[in-house]
Amino acid sequence: MTGAPSRKEGPGERRGSRMKPGFLRRAAAACAIGLAATLANASIVITGTRVIYPSNAREVTVKLNNNGAAPALVQAWIDDGDASANAQQQPMPFTLTPPIFRIDPAKGQMLRVTYTREPLPADRESVYWLNVLEIPPKAQISDEGSRNQLQFAFRTRIKLFFRPVGLEGDANEAGAKLTWSIARSARDGKQIVLLAKNPTPYYVTVVRASVDVKGKTYESAADMIAPRGEREFILEGLLALPEGPPRIRFETVNDYGANVPAVFPPESR
């Protein structure tokens, strides 16, 4: 938070003078906002960190739980990766029921996801996003304190993978199939990057990738690699290519949401 601009002491002013009531009210309000933002937590929790939809499934279900102390109104929808898209803007190859519902405290709700059979690639996975928006109930205004309450609407997004049956290999072993190299970015020719290539028909989410150069570890941000695609992972702070092929350490996510560590080249057994 940015404070008010400072000013020099003028005639008749001195340090330690009594603050005006208006300033105190503004300061108290600012503290309340900061405290509310710190203490705010989502009550609606999705069971699992990703949804896998086999192409031959009639439907898949996703469990939501209300771990809060108050009822919550929930809106759910699916998008194709555009986080700013409105729930009604994009036609998706899935239906989601119920789209709007209420969950009481300590209760749950099952979301049913159904594939509408619109054509999707049969030789690789497709990825979408499941959105869950939690809208808290309107506060009851009974006194001055409750008028100053802040309420937050929370949105959670998790990946929804549409997986055709009969794909080659095992999705949980796709991360180990990645090949890595270190090079200058093809986009600007300046930044040093780890280039990961994914030869599998599955999406692979990399949550961490790093390389040690002269005793210092350089890490990249997380990203997802499309089937049979490649992705550059920028190594912040590394200014020159290292001598010789480095050993690259990385972690991917399996179907169960667990991180799977690996190294490249693979360690010999």
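Summary of the structure given here.

Analysis parameters
Residues numbered from 1 in each chain as written. Predicted model: local features only at pLDDT ≥ 70, side-chain atom pairs only at ≥ 80, totals over all residues. Heavy atoms only, no water. Pairing = 2+ DSSP bridges. Helix = DSSP H or I, 4+ residues; strand = E, 2+ residues; numbered from the N terminus. Axes fitted to C-alpha atoms, helices over the stretch in contact; angles between N-to-C directions. Buried < 20%, exposed > 50% of the residue type's maximum accessible area, 1.4 Å probe, protein only. Core = buried A, V, L, I, M, F, W, Y, C linked by side-chain atoms within 4.5 Å. Contact = heavy atoms within 4.5 Å. Salt bridge = Lys/Arg side-chain N within 4 Å of Asp/Glu carboxyl O. Patch = residues over 30% accessible without salt bridge, like charges linked within 9 Å, V, L, I, M, F, W, Y side chains within 5 Å. Areas by Shrake-Rupley, 256 points an atom, 1.4 Å probe, with all protein chains shown as cover. Polar contact = N/O pair within 3.5 Å; in protein donor to acceptor, adjacent residues only side chain to side chain.

**Some points on the sheet that holds strand 4 (residues 72-79)**
Right, on to step 1. Spatial strand order, 2-9-8-4-6: five strands in an open sheet with mixed pairing. Each edge of the open sheet is held by one strand with a lone partner, namely strand 2 (50-54) and strand 6 (100-103). Between one strand axis and the next, the sheet turns by 25° as a mean value, whatever way the strands run.
Right, on to step 2. Relative to strand 6, strand 4 runs antiparallel, the two sharing four bridges. Each bridged residue has a counterpart across the sheet, and for Ala72 the counterpart in strand 6 is Ile103.

**Comments concerning the pairing of strand 5 (residues 94-97)**
Right, on to step 1. Of the two faces of strand 5, the one lined by Phe94 and Leu96 is fully buried and the one lined by Thr95 and Thr97 carries no buried residue.
Right, on to step 2. With four bridges connecting them, strand 5 and strand 7 (residues 108-115) associate as antiparallel partners. Across the sheet, the residue bridging to Thr97 is Arg112, located in strand 7.

**Some words on the nonpolar core**
Right, on to step 1. Core analysis: the biggest nonpolar cluster contains 27 residues, and Tyr53, Leu64, Ile78, Phe94, Leu111, Val113 and Leu130 have the highest contact counts within it.
Right, on to step 2. Considering every element that reaches this core, the biggest residue donor is strand 4, with four residues.
Right, on to step 3. Discounting chain neighbours no more than four positions away, the residues touching Leu111 are Val60, Thr61, Val62, Leu64, Ala76, Leu96, Thr97, Pro98, Phe101, Leu130 and Val132.
Right, on to step 4. Listed in part, the 23 residues of the second largest apolar core include Trp180, Ile192, Leu194 and Ala196.

**A few points about the pattern of salt bridges**
Where side chains of opposite charge bring their charged atoms close, a pairing between them can arise.
Right, on to step 1. For the coordinates displayed, the defined rule picks out nine salt bridges.
Right, on to step 2. The closest approach of N and O atoms between Asp79 and Arg157, which form a salt bridge, is 2.9 Å. Of the two residues, Asp79 is situated in strand 4 and Arg157 in strand 9 (residues 154-163); the sequence distance between them amounts to 78 residues.
Right, on to step 3. Close ionic contact of Arg163 with Asp255 constitutes a salt bridge, the shortest N to O distance being 2.8 Å. One end of the pair, Arg163, is in strand 9; the other, Asp255, is in the loop between strand 16 (248-253) and strand 17 (259-264), and 92 residues separate them in sequence.
Right, on to step 4. Overall, Arg163 belongs to the buried group, its relative accessible area being 15%.
Right, on to step 5. Here the salt bridges do not stand alone but share partners, grouping Glu125, Arg163 and Asp255 into one network.

**As for the environment of Glu243**
Right, on to step 1. Following the sequence through the fold, Glu243 ends up in the loop between strand 15 (230-234) and strand 16.
Right, on to step 2. Note on Glu243: relative accessible area 79%, which makes it exposed.
Right, on to step 3. Separated by 29 residues in sequence, Glu243 and Lys214 place their C-alpha atoms 9.8 Å apart.

**Observations concerning a nonpolar patch on the surface**
Right, on to step 1. Taken together, Leu73, Ile100 and Ile135 make up a surface patch of nonpolar side chains, about 250 Å² in accessible area.
Right, on to step 2. Examined against the element boundaries, Leu73 turns out to sit in strand 4.

**What to know about the side chain of Asp79**
Right, on to step 1. Judged by relative accessible area, Asp79 falls into the buried class, the value being 1%.
Right, on to step 2. Within the structure, Asp79 has its side chain in polar contact with the backbone nitrogen of Gly81 (distance 2.7 Å).
Right, on to step 3. Filtering out sequence-adjacent residues up to four positions away, Asp79 remains in contact with Gln90, Met92, Tyr128, Trp129, Asn131 and Arg157.

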